[in-house]
Amino acid sequence: MPLELKSTLNLPKTDFSMKANLPHNEPKMLARWEQMGLYESIRRARKGSPRYVLHDGPPYTSGPIHLGTAMNKCLKDFIVKSKTMSGFDAPYVPGWDCHGLPIEIKVDKELGGKKLKMRPTDVRAECRKYAQKYLDLQREQFKRVGVFGRFDRPYSTMTPQYESVVLETFFSFYENDFVYKGLRAVYWCMHDETALAEAEVEYENHTSSTVWVKYALLDDPAKIDPALAGQKVSTIIWTTTPWTLPASMAVAFHPDEEYAAIESCGEVYIVASKLAKEAAEKCGLGETRALAHFPGRKLERLNFQHPFLDRKVLGVLADYVTMDTGTGVVHTAPSHGAEDFSTGVKYGLDATSHVDEKGILRDGLPEYDGMRVWDANQPILDLVKKRGALLHTEKTEHSYPHCWRCHNPVIFRATEQWFISMETPMPVGSGGGRGSDNDTLRTRTLEEIKKVKWDPAWGEERLSNMIETRPDWCISRQRVWGVPIAVFLCESCGKPLNDRSINRKVVELFARSGADAWFTPESENLLPAGTKCPHCGSTKFEKETDIFDVWLESGASYLALISEEKMADEPEYPWPSDLYLEGGDQYRGWFQSSLLCAMGTRATPPYRGVVTPGWTLDETGRAMSKSRGNDVDPVDIASRLGGEIVRLWTASVDFREDVVGSEALMQRVGENYKKIRNTFRYILSNLSGFDPQKDAVPFDQMEALDQYMLRETCAFAADVRRWYDEFAFHRIYQRVNHFCIVDLSAFYFDVLKDRLYIFAPHSQARRSAQTAIWRIGEALVRLLAPIMTFTCEEVWQHLPKVVAAPIDADVEDANVEDARLAAFARAESVHLALFPTDADILGTESRASAPGPSAEKGFGKGTALEPALSASRRVPSERTNNGALAPEARDGDWATLRSVRDEVLKALEEARNNKLIGGGLEAQVLITATDALYSVLRRYEDQLRYLFIVSAVTLAQGSGNGTGGVHVEVKKADGAKCERCWNYSTHVGEDKTYPTVCERCSAVLKEL
Ligand SMILES: [Zn+2]
Ligand SMILES: [Zn+2]
Ligand SMILES: [Zn+2]
């Protein structure tokens, strides 16, 4: 093309680069946001709007973030940003869980022997340093993937304010009689030397020595059945933990199951009838003969002989004795089993543990005394054998509880612990919910669970089942790094003091100086002179040194957030919060502890809704872990591909299921990113020189195709807004891809090139196209901003600048021109904008008429303020050549035209392959269509050649048999090629001034 002709084309032009260079540009964007105080600006802009509070679950500060934590934070960010752009005031305060065992263990290792000589406050200072280091690291990493929030003032479980709320939460349980201190068999990790909560135990396979041991009956066997008179009778127990035999206090039978007395070689053995055959085989009893059958209850309170200790062992009854394996007789050690313990309470058995905190057996026989429990198994086995009581032994692999921190097998051990009772009465009135006077913490909690919206729905059943069966909450730990149970204990009787005024003083002390103050003499001064123990009258007290279970700490997080001192212009946080979003492990962890803490203090749940994402797996379906080397590091992805890619990947997966992450998937998402970016680039490059205030064409004067695409954009926006509400981000991701690639790139933008490049810059048809792509761009950039946080901000800066409207509050009286201007004003950042309404997209209604508060006098308004928004909103009358038709009917026409276009493109492709034509503009097509189709095509006849991008279209009415009602014939175009637009025309050469161009181009050139 001659240069002077080329210069008359409106070729695309933009500074918005094709290459994103995200790893380089995103940090610059972050710095800009930081500098402009964007999060605070958003808060100010939404002040007074309806609130939406997603309360953050605190990650643990013992390492860098991984893909699961990045996904978690990105999902929360999508929700917070989409709520914000729907017009809600949606604050987000990130939190961190800083106390607890893993940090203390790591610090212990670093300190080594030095720790023994250090004061608790110094050890705590070391732990604090460690936690702060990872809090700072994670904070930067979350920000790096574009998460917005109050990062400069997060909540952290180790601040004085937070620690005081933890203590206050405990006191509200304590002062209302939910709390007791007592001996209990609890999970115990001897490696970490602490009690563990249910939630801190994981089941893993473990190989145990299993033994069948004979306990001789001491009483007269005739008491059971006359047939046994004068016989030598024993029962056989079966256990996988031989080391608990020294603690054996009872043998348990099922009260209603049938037991048999079987005879072998002159001795009689009592076992469950159902298991008699199996037991006889295992124990090598040979031929046996049943002497009697009787229910288990006949054995209650009989005395048996301990196999190696001088101890009478009691026959007891228990419903939990099962008939699926063993002998139906359960050796009972109240100090080493939860069920055993409660049976012990029922029968008054001694539950003192002779296993110390390190798991070493004390006060026993020389054969095993001073040994660790696992080491004691064999000597105890030998001892049983020596005494002639061992009938059988074998190794069994079974599922056994392990410590989730150190992965060592745990034991049950009876110790003095603090508990919150699940059976504490909670009568009606404490919270206002319905219920009965017989309500307890457990039953009331179960009632309240039903009022929460669980997503996915199985969450309700999962948590209900856990609450129904959970034991009392053991809230004490024997460690240093945490919030101490700041209670004074009587030195002489050991009972805890519970005095409201003293409790308040301790809470105040914590709020002032932090929990460390409990370890200093300052705390002792809180006890008024002359304080007496209400139980024994003693005046000497000591301080409890146990700390709280960390789940009680994190469970108080929302309570801590709502009670913190607010900044001057920060509104109160509502009770309850709207949403908690965490992984499925939090049903036994944070969801549960938060619920119980809220029930104990406010008698209602802390959340209206709970959402649970699945796990992040590798491509073969295995859990990701650094040690396995199959993890995808989000920080690495951000630094190589961009934080935006981590975000887009998060949006691409159906997070309610287990999701797959891999390098290949990240790369694929990166490819999709490029397509979306190119869509924006096309828009921006064709808006060069377009001034919306001067050049925008009113909707009713736009070309029919442009009107159609704006209505398509409305439908797209309605889907996207709805899916944000449903947290269906993967649907948005798919829809956006389809809209950008199929609707825009392959169809609309393709067709538009002719009008945008060839037409005179100021022509109405070109301005109509520009108006449409500008409005599409303005809609897309807002709709994608919650997910593509960085790129949309970049696009925002490249969209045509529009002057802020000179009007504000009093828009009712403003004249029409002012209102029109108001519709163009834009915020400093896309993240201050609102989602577009249909009227915004079509440009049919002044936004000045938007009701309620609105931060942005711009494009789009809050769906929070306007919930009834829908895609089918009123479209004003249009004066087009198809004006007689309703918009819906016309959109039906366009769907038809697009499907005919697909047929034409297929035929052109074929013609190209047959070397009949080169480009589509070298062709003319003859379309034969059936009646209905023909009439649609006829209506748009003059636009068809542009729609199909050919030089001429001829229509014919016909049968069109077999090809979906349309037949396409391709021929070489008539006339000559126009040097300017490459269309073929029989008129090329007619204009003497421009002899090489077509009639369309010569008209344009005259205008220039
Ligand atoms: Zn452990
Ligand atoms: Zn006392
Ligand atoms: Zn031309």
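Residues numbered from 1 in each chain as written. Chains lettered and ligands numbered in written order. Predicted model: local features only at pLDDT ≥ 70, side-chain atom pairs only at ≥ 80, totals over all residues. Heavy atoms only, no water.

Enquirer: So what about the overall build of the protein chain? Which residues, and what values?
Expert: When helices and strands are counted, the protein chain shows 31 helices and 31 strands. Over its C-alpha trace the protein chain gives a radius of gyration of 38 Å, far above what one expects of a compact globule, namely 30 Å for 1008 residues. If one aligns the C-alpha atoms of the protein chain with their principal axes, the spans along those axes are about 130 × 75 × 55 Å. Residue burial in the protein chain is summarised as follows: out of 1008 residues, 59% are buried. A separation threshold of at least 6 residues defines the contact pool for the protein chain, and within that pool the share at least 24 residues apart is 77%. Accessible surface for the protein chain amounts to roughly 41000 Å². Of this, 52% is attributable to carbon and sulfur atoms. (Helix = DSSP H or I, 4+ residues; strand = E, 2+ residues; numbered from the N terminus. Rg over C-alpha atoms; globule rule 2.2 N^0.38 Å. Buried < 20%, exposed > 50% of the residue type's maximum accessible area, 1.4 Å probe, protein only. Contact = heavy atoms within 4.5 Å. Areas by Shrake-Rupley, 256 points an atom, 1.4 Å probe, with all protein chains shown as cover.)

Enquirer: A description of the pattern of salt bridges should follow, citing residues and the corresponding values.
Expert: A full pass over the atoms with the stated rule returns 69 salt bridges. Ionic pairing is found between E163 and R128, a salt bridge with its closest N-O pair at 3.9 Å. Taken together, the residues span a long stretch of sequence, with E163 in helix α8 (residues 160-175) and R128 in helix α7 (residues 120-144) at a distance of 35 residues. Measuring nitrogen to oxygen at the nearest pair gives 3.6 Å for the salt bridge that ties E367 to K386. Taken together, the residues E367 in the loop between α10 (338-347) and α11 (373-386) and K386 in helix α11 connect sequence positions 19 residues apart. Take K386: its relative accessible area is 64%, and that puts it in the exposed class. A cluster of three or more residues bridged by salt bridges with shared partners is formed by D56, K73, K76 and E582. (Salt bridge = Lys/Arg side-chain N within 4 Å of Asp/Glu carboxyl O.)

Enquirer: A description of the coordination of the zinc ion (ligand 2) should follow, citing residues and the corresponding values.
Expert: Around the zinc ion (ligand 2), the protein supplies C490 (SG), C493 (SG), C533 (SG) and C536 (SG) as donor atoms, at distances of 2.2 to 2.3 Å. Its four donor atoms give the zinc ion (ligand 2) angles of 99 to 120 degrees at the centre, a pattern that matches the tetrahedral case. Mapped onto the sequence, the residues coordinating the zinc ion (ligand 2) show the spacing C-x2-C-x39-C-x2-C. Relative accessible area serves as the criterion here: at 40%, C536 is assigned to the partly exposed category. (Donors = N, O, S within 2.8 Å, 3.2 Å for Na, K, Ca; no water. Tetrahedral: all angles 85-135°; square planar, octahedral: opposite > 155°, others 65-115°.)

Enquirer: Break down the packing of helix α23 (residues 729-758) against helix α24 (residues 764-784) for me, with residues and values.
Expert: Packing of α23 against α24 brings their axes to within 11 Å, and their N-to-C directions diverge by 160 degrees. As summarised for this structure, α23 and α24 are arranged roughly antiparallel, according to the angle between their axes. Both α23 and α24 take part in a crossing whose hand is left-handed. Counting all contacts with α23, which are made through V736, F739, C740, L744, Y748, F749, L752, R755 and L756, the residues of α24 involved are A765, R766, S768, A769, Q770, A772, I773, I776, L780 and L784. Across the contact of α23 with α24, the residue classes break down as 15 nonpolar, two polar and two charged. (Axes fitted to C-alpha atoms, helices over the stretch in contact; angles between N-to-C directions. Parallel < 35°, antiparallel > 145°, perpendicular 65-115°, else oblique. Left-handed = near helix turned anticlockwise from the far one by under 90°. Nonpolar A, V, L, I, M, F, W, Y, C, P; charged D, E, K, R; others polar.)

Enquirer: If you had to explain the coordination of the zinc ion (ligand 3) to someone new, which residues and values would you point to?
Expert: Binding of the zinc ion (ligand 3) to the protein goes through C978 (SG), C981 (SG), C998 (SG) and C1001 (SG), at separations of 2.2 to 2.4 Å. Counting the intervening residues between successive donors of the zinc ion (ligand 3) yields the motif C-x2-C-x16-C-x2-C. You can see C981 sitting in the loop between β30 (976-977) and β31 (984-985) and its partner C1001 sitting in helix α31 (residues 999-1007), a full 20 residues away along the chain.

Enquirer: Account for the layout of surface pockets, with residues named and values stated.
Expert: Roughly 1000 Å³ of internal volume is contained in the second largest pocket. Lining the second largest pocket are 33 residues, with W238, T240, V330, E339 and D340 positioned closest to its centre. If you list the elements that add at least two residues to the lining of the second largest pocket, you get β7 (233-239), β14 (329-332), α10, β15 (390-403) and β16 (411-420). Per-element accounting of the lining of the second largest pocket gives the leading share, five residues, to β15. (1 Å grid on protein atoms, 1.4 Å probe; cavity = no way out; pocket = protein on both sides within 12 Å on 5 of 7 lines; lining within 4 Å. Points joined across faces, edges and corners; volume = space filled by probe spheres on them.)

Enquirer: With reference to specific residues and values, describe the packing of aromatic side chains.
Expert: This model, assessed by the stated rule, comprises 42 aromatic pairs. A network of ring pairs unites the aromatic residues W454, W458, Y580, Y587, W590, F591 and Y607 as a single cluster. Sitting over the face of the ring of Y130, K133 holds its NZ or CZ atom 6.0 Å from the ring centroid. (Phe/Tyr/Trp six-rings, centres within 6.5 Å; stacked < 30°, edge-to-face > 60°. Lys NZ or Arg CZ within 6 Å of the ring centre and 35° of its normal.)

Enquirer: Explain the sheet that holds strand β18 (residues 473-474) residue by residue, including any values.
Expert: Pairing in this open sheet of four strands is antiparallel, and the strands run β5-β4-β16-β18 from one edge to the other. At either end of the open sheet lies a strand with only one pairing partner, and these are β5 (194-196) and β18. (Pairing = 2+ DSSP bridges.)

Enquirer: Report on the sheet that holds β14, specifying residues and quantitative values.
Expert: Taking strand neighbours across the sheet as the criterion, the four strands line up as β12-β13-β8-β14 in an open arrangement whose pairing is mixed. Each having just a single partner strand, β12 (303-305) and β14 make up the two edges of the open sheet. Taken over all neighbouring pairs, the strand axes of this sheet differ in orientation by 35 degrees on average, direction set aside. Each of β13 (312-317) and β14 is contacted by α10, which is oriented at about 100 degrees to β13, the strand it contacts most.

Enquirer: Any details on empty space enclosed by the protein? Residues and values, ideally.
Expert: Empty space among the atoms becomes visible once a probe the size of a water molecule is rolled across them. Going through the model one piece at a time under the given rule, you end up with six cavities of 30 Å³ or more. Of the voids in this model, the largest cavity is the one considered here, and its volume is about 120 Å³. Lining the largest cavity are 14 residues; nearest its centre among them are G100, L101, E200, R477 and V550. Of all the elements in the fold, those that place two or more residues in the lining of the largest cavity are β5 and β22 (547-548). Of the residues forming the lining of the largest cavity, the biggest block, three residues, is contributed by β5. Across the lining of the largest cavity, the residue classes break down as seven nonpolar, two polar and five charged. As a volume, the second largest cavity reaches approximately 90 Å³. Along its surface, the second largest cavity is lined by Y39, I42, R43, D77, V80, K81, T84, M85, A90, F148 and H831. Those elements that provide at least two residues to the lining of the second largest cavity are α3 (38-46) and α4 (67-85). Broken down by element, the residue count for the lining of the second largest cavity peaks at five residues, all from α4. Its residues assigned to classes, the lining of the second largest cavity shows six nonpolar, two polar and three charged.

Enquirer: Now, about the environment of D499: what can you tell me, with residues and values included?
Expert: With respect to the secondary-structure elements, D499 resides in the loop between β20 (488-490) and α14 (500-513). Placed 321 residues apart in sequence, D499 and F178 show a C-alpha to C-alpha distance of 15 Å. A polar contact is formed between the side chain of D499 and the side chain of S501, at a distance of 2.8 Å. (Polar contact = N/O pair within 3.5 Å; in protein donor to acceptor, adjacent residues only side chain to side chain.)

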